[in-house]
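Inside the fold
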Number of protein chains: 2
Amino acid sequence: MTEATEIPPPPWRRPKKSTRQRRPLSQELIVDTAMRILDAEGLDALSMRRVALELQTGPASLYAHVANKDELLELMIDRITGELDVPVPDPDRWQEQIVEAGMEAHRVWTRHPGIARAALANIPLGPNSLRYSEALLSVLRAGGVPDERAGWFVDRLSLYVLADAFEDSLHHERGRRTEEDAREYFEQVRTYFHSLPPGRFPVITSMVDALVGGDGDERLRYGLELLVRGLASYVPDRPGTSTGQAG
Amino acid sequence: MTEATEIPPPPWRRPKKSTRQRRPLSQELIVDTAMRILDAEGLDALSMRRVALELQTGPASLYAHVANKDELLELMIDRITGELDVPVPDPDRWQEQIVEAGMEAHRVWTRHPGIARAALANIPLGPNSLRYSEALLSVLRAGGVPDERAGWFVDRLSLYVLADAFEDSLHHERGRRTEEDAREYFEQVRTYFHSLPPGRFPVITSMVDALVGGDGDERLRYGLELLVRGLASYVPDRPGTSTGQAG
DNA sequence: GTGGCGATCAGAACATCGTTCGTGACAGGT
DNA sequence: ACCTGTCACGAACGATGTTCTGATCGCCAC
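Residues numbered from 1 in each chain as written. Chains lettered and ligands numbered in written order. Predicted model: local features only at pLDDT ≥ 70, side-chain atom pairs only at ≥ 80, totals over all residues.

The name that an unreviewed UniProt entry assigns to chain A is TetR family transcriptional regulator ActII, with the source organism given as Actinoallomurus oryzae.

The helix and strand inventory of chain A stands at 11 helices and 0 strands. When the helices and strands of chain A are read in sequence order from the N terminus, they spell out α-α-α-α-α-α-α-α-α-α-α. Within chain A, buried positions represent 30% of all 247 residues. In chain A, the share of contacts with a sequence separation of at least 24, taken over all contacts with a separation of at least 6, comes to 67%. (Helix = DSSP H or I, 4+ residues; strand = E, 2+ residues; numbered from the N terminus. Buried ≥ 20, exposed ≤ 12 C-beta atoms within 10 Å, placed from the backbone. Contact = placed C-beta atoms within 7 Å.)

Turning chain B through 180° and shifting it by 0.0 Å along the axis lays it on chain A, with an RMSD of 0.1 Å. Those values place the two copies in the arrangement expected of a two-fold rotation axis. The position closest to the rotation axis in chain B is occupied by the C-alpha of Gly 230 of chain B, lying 2.0 Å away. An overlap of 98% is found between the interface residues of chain B and their copies at the interface of chain A, pointing to a shared contact surface. (Least-squares fit on C-alpha atoms with pLDDT ≥ 70 in both.)

Moving on: the protein's contact with DNA strand C. Near DNA strand C, the surroundings consist of 21 residues, among which Ser 47 of chain A together with Leu 25, Thr 57, Gly 58 and Ala 60 of chain B are the closest. Of all the elements in the fold, those that place two or more residues in the surface near DNA strand C are helix H2 (48-54) of chain A together with helix H3 (59-62) of chain B. Per-class residue counts for the surface near DNA strand C are 9 nonpolar, 7 polar and 5 charged. (Near = placed C-beta within 6 Å. Nonpolar A, V, L, I, M, F, W, Y, C, P; charged D, E, K, R; others polar.)

Turning our eyes to something else, we now look at the nonpolar core. Formed by 100 residues in total, the largest nonpolar core has its most connected members in Ile 115, Leu 162 and Leu 227 of chain A together with Leu 162 and Leu 227 of chain B. Broken down by element, the residue count for this core peaks at 11 residues, all from helix H7 (residues 147-173) of chain A. Not counting chain neighbours up to four residues away, the residues in contact with Leu 162 of chain A comprise Trp 109, Ala 116, Ala 119 and Leu 120 of chain A. (Core = buried A, V, L, I, M, F, W, Y, C linked by C-beta atoms within 7 Å.)

What follows concerns the confidence of the model for chain A. The pLDDT averaged across chain A works out to 86; a share of 87% of its residues lies at or above 70. The low-confidence segment residues 1-21 of chain A, where pLDDT is below 50, has 1 contact with residues more than four positions distant or belonging to other chains. (pLDDT = per-residue confidence, 0-100.)

To continue, consider the domain arrangement of chain A. All names here are of chain A. Split into domains, chain A comes out as domain 1 (23-66) and domain 2 (82-232). For domain 1 versus domain 2, the separation of C-alpha centres amounts to 30 Å. Counting residues at the interface gives 5 residues for domain 1, matched by 5 residues for domain 2. Here the residues of the side of domain 1 that touches domain 2 sort into 2 nonpolar, 1 polar and 2 charged. (Domains from an automatic or database assignment.)

On to helix H4 (residues 69-81) of chain B. Residue and element names in this part refer to chain B. Here H4 spans 18 Å end to end across 13 residues, near enough to the 18 Å set by a 1.5 Å rise per residue. Taken together, the buried positions of H4 are occupied by Leu 72, Leu 73, Met 76, Ile 77, Ile 80 and Thr 81. Its buried side turned inward, H4 meets helix H1 (27-41), helix H5 (94-111), helix H6 (116-119) and helix H7 (127-142). (Expected span 1.5 Å × (residues − 1).)

This part is about unusual backbone geometry. Despite not being glycine, Gln 56 of chain A shows a phi value in the positive range, around 55°. Gln 56 of chain A sits in the exposed class, given 10 other C-beta atoms within 10 Å.

Between chain B and chain A, the contact holds 48 residues from the first and 49 residues from the second. Of all elements in the fold, only H7, helix H8 (147-173), helix H9 (179-194), helix H10 (202-206), helix H11 (208-212) and helix H12 (216-232) of chain B reach the threshold of two or more residues within the side of chain B that touches chain A. The dominant element in the side of chain B that touches chain A, judged by the number of residues it contributes, is H8 of chain B, at 14 residues. Partitioned by chemical class, the residues of the side of chain B that touches chain A number 27 nonpolar, 9 polar and 12 charged.

With that settled, the discussion passes to the environment of Arg 49 of chain A. Residues and elements named next belong to chain A. The topology assignment puts Arg 49 in helix H2. The class for Arg 49 is exposed, based on 10 C-beta atoms found within 10 Å. Separated by 11 residues in the primary sequence, Arg 49 and Ala 60 have C-alpha atoms spaced 8.7 Å apart.

Our next topic: the UniProt feature "domain: HTH tetR-type" (unreviewed entry) in chain A. Summarizing the sequence annotation, UniProt attributes the feature "domain: HTH tetR-type" (unreviewed entry) to residues 24-84 of chain A in the numbering used throughout. With 57% helix and 0% strand, residues 24-84 of chain A has end C-alpha atoms that lie 30 Å from one another. (UniProt positions renumbered as here; feature names shortened; annotations may be inferred.)

A word on the packing of H8 of chain B against H12 of chain B. The angle between the axes and the distance between the axes are what describe a pair of packed helices. All names here are of chain B. Between H8 and H12, whose axes approach to 11 Å, the crossing angle comes to 170°. Considering their axes alone, H8 and H12 lie roughly antiparallel with respect to each other. When H8 is examined against H12, the residues Arg 149, Phe 153, Arg 156, Leu 157, Tyr 160, Asp 164 and Asp 168 are found in contact with a partner set consisting of Gly 216, Leu 220, Gly 223, Leu 227 and Leu 231. Its residues assigned to classes, the contact of H8 with H12 comprises 6 nonpolar, 2 polar and 4 charged. (Axes fitted to C-alpha atoms, helices over the stretch in contact; angles between N-to-C directions. Parallel < 35°, antiparallel > 145°, perpendicular 65-115°, else oblique.)

Our next topic: the packing of helix H4 (residues 94-111) of chain A against helix H11 (residues 216-232) of chain A. Residue and element names in this part refer to chain A. Following both chains from N to C, one finds H4 and H11 inclined at 145°, their axes separated by 9 Å at the closest point. Seen from above, H4 lies across H11 with right-handed handedness. Residues Gln 95, Ile 98, Val 99, Gly 102, Met 103 and His 106 of H4 pack against Leu 220, Arg 221, Leu 224, Glu 225, Val 228 and Ala 232 of H11. Its residues assigned to classes, the contact of H4 with H11 shows 7 nonpolar, 3 polar and 2 charged. (Left-handed = near helix turned anticlockwise from the far one by under 90°.)

Let us look at the environment of Glu 96 of chain B. Residue and element names in this part refer to chain B. Relative to the helices and strands, Glu 96 resides in helix H5. With 13 C-beta atoms packed within 10 Å, Glu 96 lands in the partly exposed category. Counting along the chain gives 129 residues from Glu 96 to Glu 225, while the straight-line C-alpha distance between them is 8.7 Å.

As structure tokens, this is what we get:
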């Protein structure tokens, strides 16, 4: 009948040393709870009220520890950035390392659905973000990329990765949740392309398969490879190294 | 006392031929009004209530002509896509043409602040979008890009351009509106980078200028050039053509 | 000319949201 | 033992998108 986890402590059993009876409610606890909601139900379900409810309190209580929802999101973003593994620079594999870092970053961002949108709103300056940027720049420098090219590259790279993650979350939001739904949606697009008048759209109708083929991961990787190969075209040749950029 | 624009027509002066006394309220009129609000005050100010208010009616009236806000946004997006100029394929200049097309698309999207976010949510299939994709694919085909590469490329390209426009609108939303604000913000970031401990962030602190230099347009163009040069590395050499992709 | 019908309009309401106001309770210093 | 200031939180404010329910209007058949 009674739930073991819910009953309040008996009044005669006052905790000694004046431990607060009220739940101590800290910024960290709020972020914890928000992360749990985000991961389980997505950004749409993450409201201040929802977090407060989960903590069995009112919405106003949160504002003592967090300025507003935007600040809460920023705190969450830096925590997520801490999940990113940073590669150890290997001069001979810098292109693969960048591509793999991009793939992994995308994996991490989509694991917390919708938050990528908030990550686009600011230049990431938290400690974890700095650590991550430092690592990527090290990989590029080891690869012989000139500084002026490398600096902007990490900016463009993370913009691209975040955008793809955000796009995924938007599609998710629009009902295309499972891999099956996505396939079905793509199939609709394919048949629509096939139904177009070839006279007016000669190119599209002649390359439908090239347009709708491939899943999200393949497209993501392709874009990363475009960026990296583009960057490689700015790298002066080192003796004894073949970058394979003319293919 | 009485305002000339507000007084109703006198009852005895009934318009002939049964011209509707009520404003005829059509889908096109709704999109017109929504575009006006969007351009003047941004996506945040664009609510169904605001559109209805502008049309001197209630919010519910709009739903007879538009399924919901998402559909209204889609209609606006296709109309905006119609503003995009399409290049005439020139095989010798395809790389510049793609870069310029990207720059111009970004200009158009940022002219309607915030709407890029909605454009990311769906594969664009309206008539204007198809016309635009057809044109870009023609440029790529003229340049000798293999179909499998070209198909995904337009997808990645528009993702990148839309993401940059969306990012701009987010920064705009966060108060960094004028060119002056942006410069000030960048200056803050520069001094923050300079204040970092060089022991822990040797790479970042040694290339601050390369990180924070340049304005939005330069960065946008750089990313476009990365993508195009990356794509060029997949294009088989044509005799008598120098693509300049090495160094 | 007139009656009726279907499309169009719009007021009110519902369930949300982020955020703020004001009040209450508790802890620690004096 | 009182006082003070910080923290907690119910209630409320002004928004939002959308739906329900009538009311109203124009057109067409008769």
